[in-house]
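Examining the three-dimensional arrangement
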Amino acid sequence: MSDSTRSTHATPERLRRWRLVLGGGEADGFSAGEGGQEISLSIEDKRMDDALGGLYDAPTGSRRGGLGASAPKVARWLADLREFFPSDVVRVMQEDAIERLNLTQLLFEPEMLENVEADVNLVGTLLTLKGVMPAKAKDAARAVVRKVVDDLTKRLEEPTRAAVTGSLNRAQRNFRPRGPEIDWNATIRANLGSYLPEKRTIIPERLIGYGRKRRSLRDIVLCLDQSGSMASSVVYAGVFGAVLASLPAVSTRVVVFDTEVADLSENLSDPVDVLYGIQLGGGTDINRALAYCQGIIQRPEQTILVLISDLYEGGNEREMLARARTLKDSGVNVIALLALSDDGAPSYDHGVARAFAGLGIPSFACTPDHFPGLMAAAMRGDDVAAWAGTQGIVTRGGAAG
């Protein structure tokens, strides 16, 4: 756009918006308006401009640019962000600040943590830092983790509970049900032929009921790669693990690994305890993790093993693939989730994904909103790869990947 065209068509409001976007100064070409007059910013606009400039006018890796190294000053900056921008924008800017301005150390300050916009990515960062965080910040950090976990639980618990219990109940049909066990929708559909128009009712000739519940109809093992790149996936998986553990129809184990393996199943009553038992970072030994899972699986044909990993094996890959084959051949329903997050297509080991596909083990990324449906499909015994296709999810390693 030429200067003459801009002067003709740009309204004061458009110039103001461009000025805030580009940040002022001679280089942006918007420091002056029509007739050489400086673009006027209100007091609120100047505060917004300072908030943006503190982050995006600073050289990458520098603490300069308006934020400084003071936790109170950063806390005020965070408060300004929350005032001027929606929460999803604030979260992006916080991530940019941690990366561009090296503000990781300031997450150790309770004052900053009290003002931060909490999300899954921030929880992953805090869990990575928990081992070096000073005592004064630990309570504030745990409060941030608790807030995010509680929000996720409210969002994800009911869909998971409904999908899992529904699939299990309907898979265990009972044709001599007692009153509380009658599936009225299925019974009505099965008896439509006996509808009496004059009485406007159905005389049921056959009752269909939900199955009588045993103590555990399925065993679920969530095997979580706790390398740093899997942080968001681990947070979501910890919440899902706790929700699944609260359902009496399933028995749930949560196993985490890097080059070592830890069983966090005893902590499943509180997902925050699960997350604080995770040590993000380190190497990856999938073979060792699968060996542990193999040892705790007692009912292979009733077990669903969800391996959440980018499949970059740091251990013995050949032995790992052989172990995966053994698990699959024994009747275990093995599923590889390359990511359990909203972050989009992950980086993963294409060779291992192809090898898994050859074993009949589907590999794909899954959003948290899709996870309840995934578990329901697995518990019904559906083809999980086919289910993924119906959801628009691309499986990796096979022809579709």
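Because the structure is predicted, anything quoted here is derived from the model rather than measured. (Residues numbered from 1 in each chain as written. Predicted model: local features only at pLDDT ≥ 70, side-chain atom pairs only at ≥ 80, totals over all residues. Heavy atoms only, no water.)

1. Thoughts on the overall build of the protein
- Looking only at helices and strands, the protein features 16 helices and eight strands.
- The burial tally for the protein puts 48% of its 401 residues in the buried class.
- Partitioning the contacts of the protein with sequence separation of at least 6, the portion at a separation of at least 24 is 74%.
- Carbon and sulfur atoms form 49% of the exposed surface of the protein, whose accessible area is close to 19600 Å². (Helix = DSSP H or I, 4+ residues; strand = E, 2+ residues; numbered from the N terminus. Buried < 20%, exposed > 50% of the residue type's maximum accessible area, 1.4 Å probe, protein only. Contact = heavy atoms within 4.5 Å. Areas by Shrake-Rupley, 256 points an atom, 1.4 Å probe, with all protein chains shown as cover.)

2. A look at a nonpolar patch on the surface
- Together, Trp-184, Ile-188 and Leu-192 make up an exposed nonpolar region whose accessible area comes to about 330 Å².
- For Trp-184, the position within the fold is in helix α9 (residues 184-190). (Patch = residues over 30% accessible without salt bridge, like charges linked within 9 Å, V, L, I, M, F, W, Y side chains within 5 Å. Salt bridge = Lys/Arg side-chain N within 4 Å of Asp/Glu carboxyl O.)

3. Quick look at the side chain of Thr-284
- Here Thr-284 is to be found in the loop between α11 (271-276) and α12 (286-296).
- Not counting residues within four places of it along the chain, the set of residues in contact with Thr-284 comprises Asp-225, Ser-227, Phe-257, Asp-258, Thr-259, Tyr-312, Glu-313, Gly-314 and Gly-315.

4. Quick notes on a negative patch on the surface
- On the surface, a cluster of negative charge is made up of Glu-95, Glu-99, Asp-342 and Asp-343.
- With respect to the helices, strands and loops of the structure, Glu-95 is situated in helix α5 (residues 87-100).
- Overall, the relative accessible area of 36% leaves Glu-95 in the partly exposed class. (Lys, Arg positive; Asp, Glu negative; His and termini not counted. Charge placed at Lys NZ, Arg CZ, Asp CG, Glu CD.)

5. Focus on the pattern of salt bridges
- For the structure shown, the criterion picks out 10 salt bridges.
- In this structure, the salt-bridge partner of Glu-157 is Arg-161, at a minimum N-O distance of 3.0 Å. Of this pair, Glu-157 and Arg-161 are both found in helix α8 (residues 135-171), four residues apart, which corresponds to roughly one turn of the helix.
- Given a relative accessible area of 29%, Glu-157 falls into the partly exposed group.

6. Re the packing of helix α13 (residues 317-329) against helix α14 (residues 350-358)
- The geometry of α13 relative to α14 is characterised by a closest axis approach of 10 Å and an angle of 25 degrees between their N-to-C directions. With respect to α14, the axis of α13 lies roughly parallel. Note on packing geometry: the crossing formed by α13 with α14 is right-handed. From α13, Glu-317, Met-320, Leu-321 and Ala-324 reach across to α14, where they touch Val-352, Ala-355 and Phe-356.
- Taken together, the residues of the contact of α13 with α14 break down into six nonpolar, no polar and one charged. (Axes fitted to C-alpha atoms, helices over the stretch in contact; angles between N-to-C directions. Parallel < 35°, antiparallel > 145°, perpendicular 65-115°, else oblique. Left-handed = near helix turned anticlockwise from the far one by under 90°. Nonpolar A, V, L, I, M, F, W, Y, C, P; charged D, E, K, R; others polar.)

7. Details of the sheet that holds strand β4 (residues 250-257)
- A sheet is described by the order of its strands in space; here six strands give the open sequence β5-β4-β3-β6-β7-β8, paired in mixed fashion. Where the open sheet ends on each side, the last strands, each with one partner, are β5 (261-263) and β8 (363-366). Strand-to-strand twist in this sheet, taken as the mean axis angle between neighbours without regard to direction, amounts to 25 degrees.
- Relative to β8, strand β7 (residues 333-340) runs parallel, the two being bridged by four bridges. Pairing of Leu-337 across the sheet is with Phe-364, part of β8. (Pairing = 2+ DSSP bridges.)

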